[in-house]
Amino acid sequence: MKLRIGIGTLVAAVALAGGFACKKQGEEAASGGGGGQGAATEPAAAGPALAEKELAFGKVKFKVSVPADWEEKIETGSFASARYTTKDFRYSLAFDETCCGMCEAEKWADNVKAEAAQYASGEMFQPPVTVEVKENGEVAPGAWVFVGHTAPVDPATGARSQALLKVWRYGADWEQIVTCEFSVDRDDAEGLALLESLRNACLGLERLGPAQPAS
């Protein structure tokens, strides 16, 4: 049984614990302010082959590297998103757009900080979980990373312990906040290595401009 996130656009399993250590922070992150450009990042050596994609499913057009052989599903409209999933459905990477509250760019750093705090406290998850925070902070202007390991408060719920990655990218000239999310079982060594590789890819996300040119 997977856990359901209490709020937000993504329904994901998120219960984790133990052992995974994040690499040095900040070096891969790009500035999200000013021109909203993101610096290129190198994927982890053990990670999947990545392909650069330009996405414009919502209000923001952006470029990001995604696993080359994962299946893509784009949703538009009220629940716009992009999903990349392995053929066996074992892993899934999701991109969404949000405001995390008030849709005013000057409030987005505070909005993201508040939402990340909800993940860290366990407030975002049902059934209830405990959260061991591995990383939670703005690693560069406009780039916030949360990595947490959660475990079910009541094992009788059947929920699995997992590791969750969530990255928020934003800037003064962005149309919305873009989020990147991935979760794996805590005992999945391959998945944990993949989480680190995808962390770097998410931080390399680059805003290209509005999804639709101004009329």
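Everything below is about the structure printed above this text.
Residues numbered from 1 in each chain as written. Predicted model: local features only at pLDDT ≥ 70, side-chain atom pairs only at ≥ 80, totals over all residues. Heavy atoms only, no water.

**Focus: the nonpolar core**
- Formed by 48 residues in total, the largest nonpolar core has its most connected members in Phe-62, Leu-93, Phe-95, Trp-168 and Phe-182.
- Among the elements that make up this core, the one with the highest residue count is helix 2 (residues 189-203) (six residues).
- If we skip the residues at most four places from it in the chain, Trp-168 touches Cys-100, Val-112, Glu-115, Ala-116, Tyr-119, Gly-142, Ala-143, Trp-144, Phe-146, Ile-177, Val-178 and Thr-179. (Core = buried A, V, L, I, M, F, W, Y, C linked by side-chain atoms within 4.5 Å. Buried < 20%, exposed > 50% of the residue type's maximum accessible area, 1.4 Å probe, protein only. Helix = DSSP H or I, 4+ residues; strand = E, 2+ residues; numbered from the N terminus. Contact = heavy atoms within 4.5 Å.)

**Comments concerning the packing of aromatic side chains**
- In total, this model carries eight aromatic pairs according to the counting rule given.
- Consider the rings of Phe-57 and Phe-62, whose centres lie 5.8 Å apart with planes at 90 degrees: the pair is edge-to-face. Pair check on accessibility: Phe-57 and Phe-62 agree, each one buried.
- Residues Tyr-119 and Trp-168 carry aromatic rings whose centres are separated by 6.0 Å and whose planes lie at 70 degrees to one another, so their mutual orientation is edge-to-face. Remark: Trp-168 occurs in strand 10 (residues 162-169) and Tyr-119 occurs in helix 1 (residues 108-121); sequence separation between them is 49 residues. For the pair Tyr-119 and Trp-168, one class covers both residues: buried. (Phe/Tyr/Trp six-rings, centres within 6.5 Å; stacked < 30°, edge-to-face > 60°.)

**A closer look at the sheet that holds strand 12 (residues 206-210)**
- Strand order in the open sheet formed by three strands is 2-3-12, with antiparallel pairing between adjacent strands. The outermost strands of the open sheet, each flanked by one partner alone, are strand 2 (50-55) and strand 12. The average angle at which neighbouring strand axes cross in this sheet is 25 degrees, direction not considered.
- As paired elements, strand 2 and strand 3 (residues 60-67) share six bridges and run antiparallel to each other. Within strand 3, the residue paired with Glu-52 across the bridge is Ser-65. (Pairing = 2+ DSSP bridges. Axes fitted to C-alpha atoms, helices over the stretch in contact; angles between N-to-C directions.)

**Considerations on helix 1**
- The end-to-end C-alpha distance of helix 1 is 20 Å, a good match for the 20 Å that 14 residues give at a rise of 1.5 Å each.
- Within helix 1, burial applies to Trp-108, Asn-111, Val-112, Glu-115, Ala-116 and Tyr-119. Axial view of helix 1: buried residues confined to an arc of 130 degrees, hence all on one face. The outward face of helix 1, more than 90 degrees from its buried face, is lined by the exposed residues Asp-110, Lys-113 and Ser-121.
- Just beyond helix 1, the residue with positive phi is Gly-122, at close to 90 degrees. (Expected span 1.5 Å × (residues − 1). Arc of directions from axis to C-beta.)

**Considering the pairing of strand 9 (residues 143-152)**
- Within strand 9, ten of the ten residues are buried, which leaves the element mostly enclosed by the surrounding structure.
- Where burial is concerned, the two faces of strand 9 agree: the one with Ala-143, Val-145, Val-147, His-149 and Ala-151 and the one with Trp-144, Phe-146, Gly-148, Thr-150 and Pro-152 are both buried.
- Note: strand 8 (residues 129-140) against strand 9, ten bridges, orientation antiparallel. Each bridged residue has a counterpart across the sheet, and for Glu-135 the counterpart in strand 9 is Val-147.
- In this antiparallel pair of consecutive strands, strand 8 and strand 9, the connection spans two residues, and Gly-142 shows a positive phi of 80 degrees.
- Relative to strand 10, strand 9 runs antiparallel, the two sharing eight bridges. Looking at the pairing, Val-147 lines up with Leu-165 of strand 10.

Treat this as a map of the structure, not an account of what it does.
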